[in-house]
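What the coordinates show
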Amino acid sequence: MKKIKVSLYFPAAEVTKPITYHLIKDYDLQINILNADISLNRQGKLVMDMIGSEWNIESGLKYIEDQGIKYKLFTKTIIWQEEGCVHCGACTAVCPSGALQMDKESWSLTFEKEKCMICELCVKACPLKVMCVSI
Amino acid sequence: MGYKSFDEINEKIKCGKAVVATAEEIIDIVTEKGVKQAAKEVDVVTTGTFGPMCSSGMFINFGHSEPPIRMTKVWLNDVSAYAGIAAVDAYIGATELSETRGMEYGGAHVIEDLIAGKDIKLYAESYGTDCYPRKEITTYINKNNINQAYMFNPRNVYQNYAVAANTTNRIIHTYMGTLLPNLGNVTYTTSGELSPLLNDPYYRTIGIGTRVFIGGAQGYVAWEGTQHNPGQKRGENGVPLSSAGTLALIGDIKQMDTRFIRAAVFEKYGVSMFVGVGIPIPILDEDMLIMTCIKNSEILANIYDYGVQSRNKPVLGSVSYEELRSGSIEISGKKVPTAPLSSLKKAREIAELLKQQITKGEFFITQPVASLPLENKANTLDIRGLENEKD
């Protein structure tokens, strides 16, 4: 099994296609939608995890391409250098996915990598420069 | 009549018998035991804060070189320091930017590096005098080979502060962090019920000469802080509804620890410094205890629109720290996520450490030698000509 994170960019005309349905049904892929910005007759963006066999993932990506939808794989990850962190919370102000949050009891920063969309806003917002991008 | 004097409390600290609680713990203690009993039992309440405080800096004396120099311009790791004082004295401000690295490194980083024990490059120039012939010097200094290095912060520990929002349609970068467009977020800074001056709203025990925990060292309140504005509108409980009192603090850099003081960079704003401060509040009587029982739900702060580039930013509403800590608030019917900028985790660590130091007899309380003013007018800087100038 393999897991990838991918952004799909839908042209306005393609937003009505049930893409995720086909990815699940025809290619046996587990889909976890992380962020969706889709409205009728407008360009849309979908960020998701895809889990499946290497072959199914490759075929699924090809299917996406064949539907006229562009995709981009996430190759980078965000690294939280926790030892230098003061847990101020400045990064949580800009995190759109909720991956970075303050624990309401201990007021420690928590980072759920799974939710991260690698938008890199936290990298700039961190006053201590402890968030960085791995390439 | 008070139950205890400063001296009586210090006597108990000396004998290891003082009962100390943090400003968070005291709330439950009073709920359980009642004010009367708790005021008898508890001697000191400790507070803490760890937020970005731009108005910070360090005086430093380098010692004399051979031949000596009367430094007129000084740079530390390429960050300019003010040298318009005696021959080898200088002051470096936290927000001064590096002349070679720009916004990624500044005065606060120099201070942090010095505290961490690192070598700092010193470059100084002079015009040369008969008594100070040298005209230039390049060398490396660290905290062991200089004379004094003490922090002198003109304004720290703000008593309450603004909540920042942005109603414009563009992202803005401020000293209150990154504010997303169209009320995409709000940020706030103070440790709320743990914050020093919110627990002594009328500066009854905190005054000039008060010993404080600053950056891991023992320091003192030197003066009222700049922009000290005790006249700010207050709620019924005496707590100001927006930024009010401030403290000028002094402390020995050589005794500090980077766990409690850190340089900060706010994107497209500049350099600042997280300063960890803890102040003990002696429980002299029931009135003082009641002040320290302030809860997040009772501390209100105004939300200001930082999208308006004016001295007078519009107020979008008022919220309690309890609401801010819940993760979201409502502004004009819209649910807006909240984010802190000052570390409550660190503030708690400081209040707890101060509690331990007092309990172990390592930190004594001080009676202020003079009180902070309770009346002060906040002036503005207006553009004007000379008094007698004619148009």
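Heads up: the structure comes first, above all this text.
Residue positions are counted from 1 within each chain, in the order its sequence is given. Chain A is the first chain written and ligand 1 is the first ligand written, with later ones labelled in order. Two thresholds apply to this predicted model, a pLDDT of at least 70 for residue-level local features and 80 or more for giving and counting side-chain atom pairs, whereas whole-chain, interface and lining totals are computed over all residues. Side-chain measures were taken over the full set of non-hydrogen atoms in the model, leaving aside hydrogen atoms and water.

1. Some remarks on the overall build of chain A
Scanning chain A for helices and strands turns up three helices and eight strands. For the purposes of this entry, the term helix denotes a DSSP run of H or I that reaches at least four residues, the term strand denotes a run of E that reaches at least two, and both are numbered from the N terminus. Walking chain A from its N terminus toward its C terminus, one meets helices and strands in the order β-α-β-β-α-β-β-β-β-α-β. Three labels apply to residues, based on accessible area from a 1.4 Å probe with only protein chains included: buried if under 20% of the type maximum, exposed if over 50%, partly exposed otherwise in between. Within chain A, buried positions represent 44% of all 135 residues. For chain A, the share of sequence-separated contacts (at least 6 apart) that also reach a separation of at least 24 residues comes to 64%. Just so you know, the count uses Lys and Arg for positive and Asp and Glu for negative, and it drops His and the chain ends. In this description, the location of a charge corresponds to atom NZ of lysine, CZ of arginine, CG of aspartate or CD of glutamate. Placing the 16 positive and 16 negative side-chain charges of chain A at their respective mean positions leaves the two points 6 Å apart. Note on contacts: a residue pair is in contact if any heavy atoms of the two residues lie within 4.5 Å.

2. What to know about the packing of helix α1 (residues 19-27) of chain A against helix α2 (residues 54-66) of chain A
Residue and element names in this part refer to chain A. Fitted lines through C-alpha atoms serve as axes, helices being fitted only where they are in contact, and the angles separating the N-to-C directions of these axes extend from 0 to 180 degrees. Relative to each other, α1 and α2 sit at 145 degrees, their axes nearing to 10 Å. When you trace α1 past α2, the crossing you get is right-handed. From α1, I19, H22, L23 and Y27 reach across to α2, where they touch N56, S59, G60, Y63 and I64. Charged residues are taken to be Asp, Glu, Lys and Arg, nonpolar residues to be Ala, Val, Leu, Ile, Met, Phe, Trp, Tyr, Cys and Pro, and polar residues to be all remaining types, Gly included. Of the residues that constitute the contact of α1 with α2, the class distribution is five nonpolar, four polar and no charged. By definition, turning the near helix anticlockwise from the far helix through less than a right angle yields a left-handed crossing, and turning it clockwise yields a right-handed one.

3. Details of the interface of chain A and chain B
In this assembly, 21 residues from chain A lie in contact with 25 residues from chain B. Taking both sides of the interface into account, the surface hidden between chain A and chain B amounts to around 1,800 Å²; carbon and sulfur atoms contribute 62%. Of all residues in chain A, V86, W107 and P127 of chain A give up the largest surface area on contact with chain B, accounting jointly for 32% of the area buried on that side. Salt bridges are counted wherever a side-chain nitrogen of Lys or Arg sits within 4 Å of a carboxyl oxygen of Asp or Glu. At the boundary of chain A with chain B, the tally comes to zero salt bridges. When the residues that make up the side of chain A that touches chain B are grouped by side-chain class, the tally is eleven nonpolar, six polar and four charged. By definition, the buried area sums, over both parts, the 1.4 Å-probe accessible area that each loses when the two are put together.

4. Details of the sheet that holds strand β1 (residues 20-22) of chain B
Residues and elements named next belong to chain B. One open sheet holds the three strands; their spatial order is β1-β2-β22, and the pairing between them is mixed. If you trace the sheet from one side to the other, it starts and ends with β1 and β22 (280-282), each paired once. Neighbour to neighbour, the strand axes of the sheet diverge by 25 degrees on average, direction disregarded. By the convention used here, strands pair only if DSSP detects at least 2 bridges between them. As judged from the three bridges shared by strand β2 (residues 44-46) and β22, these two strands associate in the antiparallel manner. Residue V44 lies in a different strand from β22, and its bridge partner there is P282.

5. Side note on the sheet that holds strand β16 (residues 186-188) of chain B
All names here are of chain B. Sheet architecture is open: six strands sit in the order β24-β23-β13-β16-β26-β25, paired in mixed fashion. Both edges of this open sheet fall to β24 (315-320) and β25 (328-331), since each of them pairs with a single strand only. Direction aside, the axes of adjacent strands within the sheet are offset by 30 degrees on average.

Without other data, these values stay purely geometric and don't point to any function.
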